[in-house]
Amino acid sequence: AQTVTQSQPEMSVQEAETVTLSCTYDTSESNYYLFWYKQPPSRQMILVIRQEAYKQQNATENRFSVNFQKAAKSFSLKISDSQLGDTAMYFCAFMNGGGSQGNLIFGKGTKLSVKP
Amino acid sequence: DSGVTQTPKHLITATGQRVTLRCSPRSGDLSVYWYQQSLDQGLQFLIQYYNGEERAKGNILERFSAQQFPDLHSELNLSSLELGDSALYFCASSVGTSGVYNEQFFGPGTRLTVL
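Values in this document were obtained by computation on a predicted structure and should not be read as measured data.

Some remarks on the overall build of chain A
The helix and strand inventory of chain A stands at zero helices and 12 strands. The linear arrangement of helices and strands in chain A, starting from the amino end, is β-β-β-β-β-β-β-β-β-β-β-β. A compact globule built from 116 residues should have a C-alpha radius of gyration of about 13 Å, and chain A, at 14 Å, falls within 12% of that. Oriented by its inertia axes, the alpha-carbon framework of chain A measures out at about 45 × 30 × 20 Å. Residue burial in chain A is summarised as follows: out of 116 residues, 46% are buried. Counting contacts in chain A only where the partners sit at least 6 residues apart, residues at least 24 apart contribute 56% of the total. Carbon and sulfur atoms make up 45% of the accessible area of chain A, which totals about 5700 Å². Put simply, chain A has 11 plus and 9 minus side-chain charges, and the middle of one group is 4 Å from the middle of the other.

Side note on the state of the cysteines
Residues and elements named next belong to chain A. Per the stated rule, a full pass over the model turns up two disulfides over all chains. The disulfide that involves Cys23 links it to Cys92, with 2.0 Å between the sulfurs. Across the S-S bond of Cys23 and Cys92 the torsion is about -70°, and the bridge reads as left-handed. Separated by 69 residues along the polypeptide, Cys23 in the loop between strand E3 (19-21) and strand E4 (24-26) and Cys92 in strand E10 (residues 88-96) bring together distant segments of the chain. Taken as a pair, Cys23 and Cys92 share a single burial class, namely buried.

Comments concerning unusual backbone geometry
Residue and element names in this part refer to chain B. Looking along the chain, the bond that leaves Thr7 and enters Pro8 is cis, with omega of -10°. In this structure, Pro8 sits in the loop between strand E1 (5-7) and strand E2 (10-13). Phi is positive for Leu72, which is not a glycine, with a value near 80°. Inspection of the secondary structure puts Leu72 in the loop between strand E7 (64-68) and strand E8 (74-78).

Some points on the interface of chain A and chain B
The interface is formed by 21 residues belonging to chain A together with 26 residues belonging to chain B. Taken together, chain A and chain B are joined by zero salt bridges. If you look at where chain A meets chain B, you find four residue pairs in polar contact (both at pLDDT 80 or more). Elements that contribute at least two residues to the side of chain A that touches chain B include exactly strand E5 (32-39), strand E6 (46-52), E10 and strand E11 (104-106) of chain A. Counting residues per element, the side of chain A that touches chain B draws most heavily on E5 of chain A, at four residues.

Here we look at the pattern of salt bridges
Evaluated as defined, the whole model comprises eight salt bridges over all chains. Between Asp85 of chain B and Arg63 of chain B there is a salt bridge, with its nearest N and O atoms 2.8 Å apart. With Asp85 of chain B in the loop between E8 and strand E9 (87-94) and Arg63 of chain B in the loop between strand E6 (53-57) and E7, this pair connects stretches of sequence that are 22 residues apart. Put simply, Arg50, Glu52 and Lys55 of chain A are held in one network by salt bridges that share partners.

Remarks on the packing of aromatic side chains
Under the definition given, this model contains 15 aromatic pairs over all chains. Linked through ring pairs, Phe35, Tyr37, Phe91 and Phe106 of chain A together with Tyr33, Tyr35, Phe45, Phe90 and Phe106 of chain B together constitute an aromatic cluster. Here Arg26 of chain B stacks its cationic end above the ring of Phe105 of chain B, 3.7 Å away from the centre of that ring.

Reading guide: rules and limits
- Residues numbered from 1 in each chain as written.
- Chains lettered and ligands numbered in written order.
- Predicted model: local features only at pLDDT ≥ 70, side-chain atom pairs only at ≥ 80, totals over all residues.
- Heavy atoms only, no water.
- Helix = DSSP H or I, 4+ residues; strand = E, 2+ residues; numbered from the N terminus.
- Rg over C-alpha atoms; globule rule 2.2 N^0.38 Å.
- Buried < 20%, exposed > 50% of the residue type's maximum accessible area, 1.4 Å probe, protein only.
- Contact = heavy atoms within 4.5 Å.
- Areas by Shrake-Rupley, 256 points an atom, 1.4 Å probe, with all protein chains shown as cover.
- Lys, Arg positive; Asp, Glu negative; His and termini not counted.
- Charge placed at Lys NZ, Arg CZ, Asp CG, Glu CD.
- Disulfide = S-S within 2.5 Å.
- Salt bridge = Lys/Arg side-chain N within 4 Å of Asp/Glu carboxyl O.
- Polar contact = N/O pair within 3.5 Å; in protein donor to acceptor, adjacent residues only side chain to side chain.
- Phe/Tyr/Trp six-rings, centres within 6.5 Å; stacked < 30°, edge-to-face > 60°.
- Lys NZ or Arg CZ within 6 Å of the ring centre and 35° of its normal.

As structure tokens, this is what we get:
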């Protein structure tokens, strides 16, 4: 069974600084996807960034980028130029790319606080 | 707005009762997923339906059941409720299922409180 581990329950960063959130996963699959979701105080789940396992290039979305280390099964999220609106819970998630299921497996989350 | 709607937003009920949570997927989406978010268990996948048929089961209790109707909306039924069932229940939808990537769009959730 696949597992996702986020070892940092809470983190804080100063506004405009850079922060990196860690995630490791365990799977025997070769075809899969990895995601970072943001959950602000409104509780809405918002997709931040996606990485396909077959792509060597790290995904980037504006201020958000990932460091995908497939051999190490590591998938960290870097937030540059942190903004107050980045304050939220961040969840790392795994999706198997094959088979008949498409459900997400989530880590426990990291609570990020951006301080002015 | 993701295009996924969930009703009701909040639900307060007593132990032993039964409730039904409703989800309407985005227009054109055939897959519906149900997730439970609780303080102790985190975010857990419960069940998936694709075009009316059950496709995958996760950590769903026997007291819980779901179905997807011909108009593709889905309902999650929770019965013999216990205090530990208090959680935020999310519905998500996607165009298809697996094989190719299908982004899941999440609804706003239904907050269930069991007293």
